[in-house]
Every structure is written in structure tokens, then in C-alpha cells.
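Coordinate analysis (summary)
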Amino acid sequence: MNLTLEEIQNFKGKYPKQLWYLFTIEMWERFCFYGMRGVLVIFMTDQLGLFEKDANLKYGAIQAFIYAFTFIGGIFADKILGFKKSLVFGGIIMALGNLIIAYNPHDLFYFGITCSIIGTGFFKPNISSMVGELYKEDDVRRDAGYGMFYAGINIGGLLGGALCVYLGKYYSWSLCFLAAAVVMLIGLITYFFIKKSIEPIGNSPLLHNQESTRIKKETIVIVGALLLLPVIYFLIQNSDFTDYFMYGIGVVSLLYLGYEIVKLDRSYQKKVIAAFIFIVMYLIFNAIYEQSGGSLSLFAKDNLVDNLLFFHIDPNIINNSSNSFFIIIFSPLVGLLWVWLASKKLEPNTIIKFGIGFLFLAAGFFLFYSLRFFANDDGKSSLNLFTFTWLVITFGELCLGPIGMSIITKLSPKKLFGMMMGMWFLASAFGQFFAGKIGAEMSEANTGGTLTSKLIAYTDGYKQLGLYALIAGIILILISPFVKKLMQGVK
């Protein structure tokens, strides 16, 4: 029996049962995404023969396109397809992209990646948006729901981050990409099993239109997305053009956001402006944090020993999965900490939590810098300290990641849910874009050609990033009273 939206939102207890269904689907998508992210620069340098600078730039371009199309996919889900159809279309294209690479990794890599970009753009924003719709606008349980969702999907990140690196480096690159395709298909199958339980959520916004009109509009969107495949393929192959694309979509998105803000009443205008401040700071956070898939992958590949405590493990597996591992363990504990602080009336507001997140991020990158002091004569440093640093950075992410998605849905009017979640992911796109450029500069700074010179060049870069994170954190804490006023009581 299909439930009404009101019946779903009037759930008893802390979490609606639909939350578990949605995070199961997202878990498999995260497996696919983190598995792919963790092997990109390794595959491009070791198998395709790219220099580290070029691999960083291509990595930044690929990740930027993925998140940029998430913004576009969010708009089309809002206006035409609905969350459900967008999810299915995106999932199919993602799985197809990985199957193409698995068939011939060396010759079809960029074409398969192009499919993954389009597919992720249509898949990614919709699960998070549907989680928001499980709750009434004033439901205080929403933060807990997003916190649990955030922890749960990192199970996929942990498994994908470890397994894809392991399969690719030690067995077969085809098997690596095939694993990503298979789990994406599992996610789609899961969706078809549970879709009746979320029936009122995510349906097409054009249901009131004539069926022929609705089908025509949906077909135009899907065909248009497929026609973009050769364009994205060209842009990835010629990453110099990425700048034009990114700055172009940045200007267009800001103009579109301004257009939507003007149509809102003054109360919602202030809330959306507050949401935009969070989005900008999330962009800066990602430009620093997302060295994980680029320069830190290359650093882990060459400049770390493989001894962690009392056993041996590939440093790239640690770099790609330790963050998810720590999130799974500590996300519930951080959530309990906020609840305890709230009971003592000491819980910091959301903008200060963002500031604290930046301070942890700064501490982490200063620790990455300190790896130069623990290096051996071969230019290889401590995997133990590297792993501990990811623990520190994870606490920073837990201060803004889960509550970030929640605060955007709280501050956004319902009709702009998809677009504002798209803007959140667009901030990630620009973060990835700038992260790739920063990583490329680190590679260029390595003029010595030895592992020791690479250690010095990369850790110098990490020290600079730590300084930028520290400044951003202090600024956020200082402007918190102003942002709190714009939020008008939203917590």
C-alpha cells in the first residue's frame, strides 16, 4: 500500500523507515564514486603515462564536471524529470560508463568517464533531496536523519575506496571498473524494490500536464544530456577548455540564483542568502580537502611507507578509505556530542560549526606538512602519522558535511530544493576544479625529480593550504552573528 506524504512525514521515533532505503541506494552509488575517485590519478599516471601535473589537472576537470552536472541535473529534476526518473536515468548511464571502461580501460577510459559524469549529474542530487522531503519543514529530527544518512553512505565509500584500489593495483584494472559497474546496478535494482514505499516523493513536477506534453519535455532533457556526451569528451581531452566551461557555468548559476531570489518574499531572500554563504565556504573547504583524490593520491603512492601499526597495507587504500572509516565510527559520537552540548545550552550554531570544521582542516594540513620531518633517506614518510591526520580532518568534515546538506534544505523554499542542493554540489565542482589546479602547482614545484624533492614540494603546498584553512575558520567564527540574523531562527 502506498503511503501519502503526510503519513510518511508523521513517522514515530527518530528516523523514518524510508531513510534506510534511500541510504542503501546511495551507499552503492558512493561505492562506485569513491572507488573511481581513488584510482583516477593513479591510473592516469601509471597506465596512461600522464605527468603528475597533467593528471592533477585532468582529475580536477573530471571531478569538476561531475559536480557541475549535478547542479544541472538538480535543476532538471526540479523542473521536469522529478527525482525518481532522474535517479534511474543517471544510474543507468553511470553503470554503462563503468562497463565501457572495464571492457577496454586504456582505449575507452575517457569515453567511459564522460558517461559517468553525465550519469552522476542526474543521480547524485536526488537522494539527498528526497531525504529532505521525508521531514516536515519544522521537524527537528532532520539533522539526525542527515547525520545517519551521511554515516551510512560512507560504508559504500569505505568499501569502494579500498576494493577498487586493491583490484586495480594488484589484479586487473578491468576488474576494478567492473566492480564499480556491478554495485551501481545493485543500487538501481534496490531502488525498484523500494520505490513504492516513497511513492509520493520525487514524482515528476509535470504530472498536472498532459501526458504527451510531459513525455515530450522529458525526452528533450534525456536526448539533450546524451548529445552532450561528445562535448564533455572533448573538454576532458582538452582540459585547457575546462576553465571556460567552469567560469561560464559559474556566471550562469549565479544569475539564475539571483533571478530565483528576486521572486521570493523578503524572509526567504535572507534565508537563501545565508544558504549561499554556506555554499561559498563549502567551496573553499573542498578546494583544500579534495587534495585527497589528486595530490594526496600521488603523494601516498610514492612518499609513504606501507607499515601501519603492526601490518602492511597499500598507502593508497588508506588515503582513499580511512576518511569513510573514521566517519562511520565517529559520526554518531559527534552527533551525541552536539546533543549533549545542546542540553547544556552550549551547542555552537551552524556557522560556528563550519568555522570549527575549517580549524580541524587547518590542523590536518599542518600535520601533512610535518610528514617531511618523519621521512627516511628514500623520501618516504610515516603512514601512521598520515592515517592520524585523516582522523583529524574527518572531525573537520563532520562539523560541516552532514549539517551542510541539512541546513541548505532548511533554508531553501521547497520549490528550490533541487536547485539549492545542486548549488551545494556546484560548490564541490569548483572546489574540485581549484583542487586540481593547486595539485598541479605542487607537481610543478617539484623540480628535483627525486622522491625527496617531491616530498618537499608537496608538503610546502600542504602548509600553505593549512594557513588558508586557518584564516577561513577565523573569519567564519567572526561573521557568525551576521549570518545568524540572516537565518532568522533556523538551526
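These lines cover the structure that appears in this document, whether it is placed above or below. (Residues numbered from 1 in each chain as written. Predicted model: local features only at pLDDT ≥ 70, side-chain atom pairs only at ≥ 80, totals over all residues. Heavy atoms only, no water.)

**Describing the pattern of salt bridges**
Short version of the rule: Definition used for salt bridges: Asp or Glu carboxyl oxygen within 4 Å of a side-chain nitrogen of Lys or Arg. Strands here are runs of E lasting at least two residues and helices are runs of H or I lasting at least four, both read from the DSSP assignment and numbered beginning at the N terminus. When accessible area is computed with a 1.4 Å probe and restricted to protein chains, residues below 20% of their type maximum are described as buried, those above 50% as exposed, and intermediate ones as partly exposed.
This structure, assessed with the given rule, holds ten salt bridges. For Lys437, the salt bridge identified is with Asp243, shortest N-O distance 3.3 Å. Of this pair, Lys437 sits in helix H15 (residues 417-445) while Asp243 sits in helix H9 (residues 242-262), placing them 194 residues apart in sequence. Since its relative accessible area comes to 27%, Lys437 is described here as partly exposed. Judged by relative accessible area, which is 23%, Asp243 ranks as partly exposed. Measuring nitrogen to oxygen at the nearest pair gives 2.8 Å for the salt bridge that ties Lys454 to Asp302. Separated by 152 residues along the polypeptide, Lys454 in helix H16 (residues 451-487) and Asp302 in helix H11 (residues 295-303) bring together distant segments of the chain. On the accessibility criterion, Lys454 (3% relative accessible area) is buried. For Asp302, a relative accessible area of 17% translates into the label buried.

**A short note on the packing of helix H10 (residues 266-289) against helix H13 (residues 350-370)**
Spelled out, the test is: Each axis is a line fitted through C-alpha atoms, and for a helix only the stretch in contact is used; angles between axes span 0 to 180 degrees, taken between their N-to-C directions. Each angle gets one of four labels, with under 35 degrees taken as roughly parallel, over 145 as roughly antiparallel, 65 to 115 as roughly perpendicular, and the rest as oblique. Crossing handedness: left-handed means the near helix sits turned counterclockwise from the far one by under a right angle, and right-handed means the same turn made clockwise. Here, two residues are considered to be in contact whenever any of their heavy atoms come within 4.5 Å of each other. Classification used: nonpolar for Ala, Val, Leu, Ile, Met, Phe, Trp, Tyr, Cys and Pro, charged for Asp, Glu, Lys and Arg, polar for all others including Gly.
H13 packs onto H10 with a crossing angle of 10 degrees between their chain directions and a minimal axis gap of 11 Å. Taken together, the axes of H10 and H13 are roughly parallel relative to one another. The two elements H10 and H13 cross, and the hand of that crossing is left-handed. Touching Phe278, Met281, Ile284, Phe285, Ile288 and Tyr289 of H10 are Thr350, Ile351, Phe354, Gly357, Phe358, Leu361 and Phe365, all from H13. Here the residues of the contact of H10 with H13 sort into eleven nonpolar, two polar and no charged.

**Digging into the packing of H13 against H16**
Between H13 and H16, whose axes approach to 7 Å, the crossing angle comes to 175 degrees. For the element pair H13 / H16, the angle class is roughly antiparallel. Considering only residue class, the contact of H13 with H16 consists of 22 nonpolar, six polar and two charged.

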